[in-house]
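Structural overview for review
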Amino acid sequence: MLPDYWVERPDWSLSASTEAAVEEFLSAVDAARDRPLDVDLLLRRYADVEAWQFLSGLADRRRIAFHGTGNAGIVSFEPRQPIDFAPFGDQKAVFATSDPVWAMFYAIVDRDRHEITLNNGCIFVLDESGRPGVPHYYFSISNQALGKEPWRSGYVYLLPADSFVEQPAGEYAGLTAQVPQLASPVPVTPFARLRVDPGDFPFLAQIRGHDDARLAEYAQAVMTAAPWPE
């Protein structure tokens, strides 16, 4: 069993409008010459399409790398060396994820106007045949920023996954699990972009806080499936 700070993605199924939007988008991408394609223009033609469900529908149909940011003008993503306590994240690369909900978190947290550290993750528990189950997430930002509701409108970029490698599956909490993190050692050009607002993020109310001075302690607790430090 996963520790209680992991929250499960809500049950969902594609509505007729979302299904139609997904199919139209995939056709448009295959035919597009000008990139990145602005997904917002397409979605305005459909009623009641939730961004996270639309993106999840795309992820179910095609291998895509998702990257969340507040920057609307990225033409190419360049490899960088992040500060990361996990071994896979400690490399110079373009980082993305195959899970669009996780990418949305990075899009809606405003790290430009607020001093914020992040501690977050996504995980799939694999069954005996290696098939992934429902994704689980945890999201945490600096305590001192949480009360200010440091949210923004941001962007989820869709990138071709060809040059990306997946983080290997491993053991977690006595289970075989996969973190859907991707890394590309070479620059990557996005093929589409979707604007997302804080209200589009399905876990906005579940974002918790942490003490910046103890960030390594929180990270270690999560990596070892220990309780959340009090």
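One structure accompanies this document, and this report is about it. Bear in mind that the values here come from a model prediction, so they are computed numbers and not experimental data.

Focus on helix α3 (residues 51-61)
Of all the 11 residues making up α3, eight are buried; the element is thus mostly covered by neighbouring parts of the structure. Buried residues of α3: Ala51, Trp52, Gln53, Phe54, Leu55, Ser56, Gly57 and Leu58, and no others. On the buried face of α3, the contacting elements are α1 (16-31), α2 (39-43), β3 (64-69), α4 (100-108), β7 (154-160) and β12 (192-196).

Considering the side chain of Arg9
Locating Arg9 in the fold gives a position in the loop between β1 (7-8) and α1. As a buried residue without a salt bridge, Arg9 has its nearest oppositely charged side chain in Asp99, at a separation of 4.7 Å. Beyond its immediate chain neighbours, meaning those up to four positions away, Arg9 contacts Trp52, Ser56, Val134, Pro135, Tyr137 and Phe203.

Some details on the nonpolar core
If you look at the biggest cluster of nonpolar residues, it comprises 43 residues, and the most contacted ones within it are Phe25, Phe54, Leu55, Leu58, Val156, Leu158 and Phe201. Looking at which element gives the most residues to this core, the answer is α4, with seven residues. Filtering out sequence-adjacent residues up to four positions away, Phe54 remains in contact with Thr18, Ala21, Val22, Phe25, Val39, Leu43, Val49 and Leu194. Judged by nonpolar contacts, the second largest core, of 11 residues, contains Ala65, Phe164, Leu182 and Val188.

Some remarks on the pairing of strand β11 (residues 181-184)
Along any regular strand the residues' side chains alternate between the sheet's two faces. On β11, burial covers both faces: Gln181 and Ala183 on one face and Leu182 and Ser184 on the other are all buried. Pairing geometry for strand β4 (residues 94-97) and β11, over four bridges, is antiparallel. Of the residues in β11, the one forming a bridge with Ala96 is Leu182. In terms of strand pairing, strand β8 (residues 165-166) meets β11 through two bridges, oriented antiparallel. Looking at β11, one finds that Glu166 is bridged to Leu182.

Observations concerning the packing of α1 against α3
As a packed pair, α1 and α3 sit with axes 9 Å apart at the nearest point and diverge in direction by 55 degrees. In terms of their interaxial angle, α1 and α3 are classed as oblique. The handedness of the crossing between α1 and α3 is right-handed. Counted together, Thr18, Glu19, Ala21, Val22, Glu23, Phe25 and Leu26 of α1 and Gln53, Phe54, Gly57, Leu58 and Arg61 of α3 form the full contact between these two elements. Here the contact of α1 with α3 is built from residues that sort into six nonpolar, three polar and three charged.

A word on the environment of Glu24
Position of Glu24 among the secondary structure elements: in helix α1. Judged by its relative accessible area of 28%, Glu24 is partly exposed. In sequence terms Glu24 and Leu43 are 19 residues apart; their C-alpha atoms lie 9.7 Å from each other. If near-sequence neighbours (up to four positions away) are discounted, Glu24 is found in contact with Leu42, Arg45 and Tyr46.

A closer look at the pattern of salt bridges
Evaluation of the coordinates by the stated rule reveals 11 salt bridges. In this structure, Asp38 engages Arg193 in a salt bridge whose closest nitrogen and oxygen atoms are separated by 3.8 Å. Linking Asp38 in strand β2 (residues 37-38) with Arg193 in strand β12, this pair joins segments that are 155 residues apart in sequence. Salt bridges sharing partners connect three or more residues here, namely Asp110, Asp112, Arg113 and Arg152.

Considerations on unusual backbone geometry
Keep in mind that most residues, glycine aside, have a negative phi and that most peptide bonds are trans. Phi is positive for Asp48, which is not a glycine, with a value near 60 degrees. Mapped onto the elements of the fold, Asp48 is located in the loop between α2 and α3. The exposure class assigned to Asp48 is exposed, which follows from its relative accessible area of 74%. For Ala173, which is not a glycine, the phi torsion comes out positive at approximately 55 degrees. On the basis of relative accessible area, Ala173 is assigned to the partly exposed category, the value being 31%.

Considering the packing of aromatic side chains
Summed over the entire model, instances satisfying the criterion amount to 18 aromatic pairs. Measuring from ring centre to ring centre gives 5.9 Å for Phe25 and Phe54, while their planes differ by 80 degrees; the resulting arrangement is edge-to-face. Highlighted residues: Phe25 in helix α1 and Phe54 in helix α3, separated in sequence by 29 residues. Taken together, a centroid distance of 6.2 Å and an interplanar angle of 70 degrees make the contact between Phe201 and Phe203 edge-to-face. We note that Phe201, like Phe203, is buried. By the ring-pair criterion, three or more aromatic residues cluster together here, those being Tyr5, Trp6, Tyr138, Tyr172, Tyr218 and Trp228. Positioned above the aromatic ring of Trp228, the side-chain terminus of Arg208 is 4.7 Å from the ring centre.

How each quantity is defined
Residues numbered from 1 in each chain as written. Predicted model: local features only at pLDDT ≥ 70, side-chain atom pairs only at ≥ 80, totals over all residues. Heavy atoms only, no water. Buried < 20%, exposed > 50% of the residue type's maximum accessible area, 1.4 Å probe, protein only. Helix = DSSP H or I, 4+ residues; strand = E, 2+ residues; numbered from the N terminus. Contact = heavy atoms within 4.5 Å. Lys, Arg positive; Asp, Glu negative; His and termini not counted. Salt bridge = Lys/Arg side-chain N within 4 Å of Asp/Glu carboxyl O. Core = buried A, V, L, I, M, F, W, Y, C linked by side-chain atoms within 4.5 Å. Pairing = 2+ DSSP bridges. Axes fitted to C-alpha atoms, helices over the stretch in contact; angles between N-to-C directions. Parallel < 35°, antiparallel > 145°, perpendicular 65-115°, else oblique. Left-handed = near helix turned anticlockwise from the far one by under 90°. Nonpolar A, V, L, I, M, F, W, Y, C, P; charged D, E, K, R; others polar. Phe/Tyr/Trp six-rings, centres within 6.5 Å; stacked < 30°, edge-to-face > 60°. Lys NZ or Arg CZ within 6 Å of the ring centre and 35° of its normal.

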